[in-house]
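# Per-entry structural report
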Amino acid sequence: MPQPPPRKVKPSAQLKTLHSEQLSKLQAKHQQEFDLLEDIRTFARQRSVLEKEYAQGLQKLTGQLLKRDFQAMPDLSTDDGKEHRTAMAVWRVILEETDVLAKKRLQAAET
């Protein structure tokens, strides 16, 4: 049995179908991109809140420890001419640097 000849489609109908398919794909793409941007915005906002809370907690912790009175012990010098710090001096430097880091994190979170 012979196959029927292909139907003749009007060019305007074919163009309309093609146009609607492209429009549909474009709208789907835009919706995906919009959803992605919304996810990124939400993520950034939540991350900023967490960073701010972390920085504030870090500042509170270091602030409490820095309030303690550290005895001023001189750095030790040895026969080899190198300076050696005491454990308390190193601990104070660690606390001070952690406090600086917390302030920078807080500033970045607020930005």
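Being a predicted model, the structure only gives us computed values, none of them experimental.

Each helix and strand counted, the chain has two helices and two strands in total. Helices (α) and strands (β) of the chain occur, in sequence order from the N terminus, as α-β-β-α. In the chain, which comprises 111 residues, the share counted as buried stands at 9%. Once local pairs closer than 6 in sequence are excluded, the contacts in the chain between residues at least 24 apart make up 62%. Total accessible area on the chain is roughly 10,200 Å²; 58% of this is exposed by carbon and sulfur atoms.

Before going further, it helps to examine the pattern of salt bridges. According to the stated counting rule, one finds five salt bridges in the structure shown. Its salt-bridge partner being E51, residue R105 comes within 2.7 Å of it at the nearest N-O pair. Linking R105 in helix α2 (residues 87-110) with E51 in helix α1 (residues 11-66), this pair joins segments that are 54 residues apart in sequence. Across the salt bridge formed by E96 and R92, the nearest N and O atoms sit 3.3 Å from each other. Remark: R92 and E96 occur in helix α2; sequence separation between them is four residues, near one turn of the helix.

Calculation criteria
- Residues numbered from 1 in each chain as written.
- Predicted model: local features only at pLDDT ≥ 70, side-chain atom pairs only at ≥ 80, totals over all residues.
- Heavy atoms only, no water.
- Helix = DSSP H or I, 4+ residues; strand = E, 2+ residues; numbered from the N terminus.
- Buried < 20%, exposed > 50% of the residue type's maximum accessible area, 1.4 Å probe, protein only.
- Contact = heavy atoms within 4.5 Å.
- Areas by Shrake-Rupley, 256 points an atom, 1.4 Å probe, with all protein chains shown as cover.
- Salt bridge = Lys/Arg side-chain N within 4 Å of Asp/Glu carboxyl O.

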